[in-house]
Amino acid sequence: MDSHPPPRTSFKLILGSSSVARKHILAEMGYEFQVMSADIDEKGIRRENPDELVMVLAEAKADAIISRMNISDYGKEDTEPTLLITSDIVVVHEGIIREKPSSKEEARQFLKGYSGGHVSTVGSVLVANLKTGRRYGGLDKAEVYFHDIPDEIIENLIDEGIVFNVAGGLLLEHPLTLPFVEAVVNRCQR
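Basis of the calculations
- Residues numbered from 1 in each chain as written.
- Predicted model: local features only at pLDDT ≥ 70, side-chain atom pairs only at ≥ 80, totals over all residues.
- Heavy atoms only, no water.
- Salt bridge = Lys/Arg side-chain N within 4 Å of Asp/Glu carboxyl O.
- Helix = DSSP H or I, 4+ residues; strand = E, 2+ residues; numbered from the N terminus.
- Buried < 20%, exposed > 50% of the residue type's maximum accessible area, 1.4 Å probe, protein only.
- Pairing = 2+ DSSP bridges.
- Phe/Tyr/Trp six-rings, centres within 6.5 Å; stacked < 30°, edge-to-face > 60°.
- pLDDT = per-residue confidence, 0-100.

The protein carries the name Maf-like protein DDB_G0281937 isoform X3 in an unreviewed UniProt entry, which gives Ananas comosus as its organism.

Shown next, in the form of structure tokens:
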């Protein structure tokens with residue numbers, strides 16, 4: 001654990017996500033933040049291009065959250081600026097976008113497909129300043145290479161259930177998954 005004091009901010013933060021990993025990142029950095037969930041139908045928003053899909057989903061999440069707020073309260077001159085952070089991520093395997101698996105069989109198919117191979121991840125982050133209305137978004141892409149993943153590990157991951165809450169059923173940091181990650185190569189940030 002870092003011994004540095006938490007960063008001082010001159011703004012409030014709202015994390016527009018119920019993701020445990022995203023909450024953990026902000027908390028580890030020492031930020032205080034409010035959590036709001038977008039509650040959108042992500043499957044109803046489709047794009048063929050993964051870069052476009054994750055950005056459109058991050059925008060839709062921000063729009064959904066903002067639509068439930070009294071946004072004029074955030075624009076007052078004496079109000080502290082508030083930043084809303086939304087994001088999305090997909091896994092691309094053999095040219096196919098994979099989101100959260102919807103069944104045990106689909107999760108098993110996903111994970112067996114990654115074994116001894118590789119996937120791409122495409123993630124987006126959108127920061128909306130609720131005081132000014134300005135938004136800035138960016139992408140992060142990586143290639144993930146795997147050693148062979150034993151069937152027993154795949155079944156344990158499925159039984160645990162966490163694979164149903166993450167894009168492509170893939171949680172790289174998970175103690176069962178991590179030993180089988182051969183390499184992660186960052187491809188592009190913008």
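That was the structure; now back to the text.
(A) Inspection of the pattern of salt bridges at higher detail. Enumeration over the complete set of coordinates arrives at 10 salt bridges. Of the charged contacts in the structure, one is a salt bridge between glutamate 99 and arginine 46, with a shortest N-O distance of 2.6 Å. One end of the pair, glutamate 99, is in the loop between strand S4 (96–98) and helix H3 (104–114); the other, arginine 46, is in the loop between strand S2 (34–35) and helix H2 (50–67), and 53 residues separate them in sequence. Judged by its relative accessible area of 13%, glutamate 99 is buried. Its salt-bridge partner being arginine 108, residue glutamate 105 comes within 3.0 Å of it at the nearest N-O pair. Taken together, the positions of glutamate 105 and arginine 108, both in helix H3 and three residues apart, correspond to about one turn of that helix. One network of salt bridges, in which partners are shared, links Glu42, Lys61 and Asp88.

(B) Seen up close, unusual backbone geometry. Even without a glycine there, the phi angle at aspartate 39 is positive, about 50 degrees. As for its position among the elements, aspartate 39 is in the loop between S2 and H2. Even without being a glycine, glutamate 94 presents a positive backbone phi close to 55 degrees. On the basis of relative accessible area, glutamate 94 is assigned to the exposed category, the value being 71%.

(C) Structural context of the pairing of strand S3 (residues 82–93). The buried count for S3 comes to 11 of 12 residues, which makes it a mostly enclosed element. The pairing of strand S1 (residues 12–15) with S3 spans four bridges and is parallel. Residue pairing across strands places leucine 15 opposite isoleucine 85, the latter belonging to S3. Bridge count for S3 against strand S5 (residues 118–129) is 10 bridges, and the pairing is antiparallel.

(D) Structural context of the packing of aromatic side chains. A full pass over the atoms with the stated rule returns one aromatic pair. Residues tyrosine 114 and phenylalanine 146 carry aromatic rings whose centres are separated by 6.0 Å and whose planes lie at 15 degrees to one another, so their mutual orientation is stacked. One end of the pair, tyrosine 114, is in helix H3; the other, phenylalanine 146, is in strand S6 (residues 135–146), with 32 residues separating them in the sequence. Judged by relative accessible area, which is 0%, tyrosine 114 ranks as buried.

(E) Here's a closer look at the confidence of the model for the protein. Summarising the model, the protein shows a mean pLDDT of 91, and 94% of its residues fall at 70 or more. Mean pLDDT values for the elements of the protein range from 83 in strand S7 (residues 181–189) up to 97 in H3.

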